[in-house]
Amino acid sequence: MTRYVALLRAVNLGSHKKISMADLRELLAGLGYGDVRTYLQSGNAVFTARETRTERVAAAIEERLAAGLGLTTEVILRTAEELQGVVEHNPLEVGDPAKSTVLFLLEPPPEDWLSGIDLGRFAPEEMRAGERELYYRLPNGIGRAKLPIALGRRLKTPATMRNWNTVTNLLSLAV
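On a predicted model such as this, the values are computed, not experimentally measured, just so you know.

Cut-off values and rules
- Residues numbered from 1 in each chain as written.
- Predicted model: local features only at pLDDT ≥ 70, side-chain atom pairs only at ≥ 80, totals over all residues.
- Heavy atoms only, no water.
- Salt bridge = Lys/Arg side-chain N within 4 Å of Asp/Glu carboxyl O.
- Helix = DSSP H or I, 4+ residues; strand = E, 2+ residues; numbered from the N terminus.
- Buried < 20%, exposed > 50% of the residue type's maximum accessible area, 1.4 Å probe, protein only.
- Pairing = 2+ DSSP bridges.

Caption draft 1: Here's a closer look at the pattern of salt bridges. In the structure shown here, the tally under the stated rule is seven salt bridges. With its nearest N and O atoms 3.2 Å apart, the salt bridge here joins glutamate 82 to arginine 132. Pair noted here: glutamate 82 is in helix H3 (residues 80-88) and arginine 132 is in the loop between strand E6 (126-129) and strand E7 (133-137), with a separation of 50 residues, a long-range link. In this structure glutamate 82 comes out as partly exposed when scored by relative accessible area, which is 32%. Across the pair glutamate 126 and arginine 128 runs a salt bridge, and its minimum N-O distance is 3.5 Å. Residue classification places arginine 128 among the partly exposed residues on the basis of a relative accessible area of 37%. Linked by salt bridges that have partners in common, Glu126, Arg128 and Arg137 make up one network.

This is the structure in structure tokens:
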């Protein structure tokens, strides 16, 4: 059995792509997943599945979201162990956890995706890349941040951002 953390991309933002967490829990349980828990109202779920191939689990959830709820979005998964690694390997000082974020990528970015960009011009904002995550420290807040927007345009893979509080709380639910 594998413990997963599902991060639904761009749901419950204003009136766009609405899903209740009760519906999400029911959908995941209907797929045969166990010990389903959700966190906050922004498409975060933790569950256990027999399937060990992440891509199959994500595809099953995406298909059921579309067929059952008419919701088309990407599901970005990490195992509990992978999320533990995300937390343990954060290369930035967290400081205010509401101003530190992780952008979870569906796929690793290409090796040259940062070529020609001067990250220093976005100071005091900072970014460090992990394997399939980008870590941000945004001292002026997420709403005023410029760096994630600039870098997001360069990424060619779906991604979803969570603040450090959410990341660590999801890890607590997953382990």
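Caption draft 2: Molecular detail of the pairing of strand E3 (residues 44-49). Among the six residues in E3, six count as buried, and that is most of the element. Burial along E3 is two-sided: Asn44, Val46 and Thr48 facing one way and Ala45, Phe47 and Ala49 facing the other are all buried. Pairing geometry for strand E1 (residues 2-8) and E3, over six bridges, is antiparallel. Directly across from arginine 3, in E3, lies its bridge partner threonine 48. Sheet analysis places strand E2 (residues 34-39) next to E3, joined by four bridges and oriented antiparallel. Within E3, the position partnered with arginine 37 by the bridge is valine 46.

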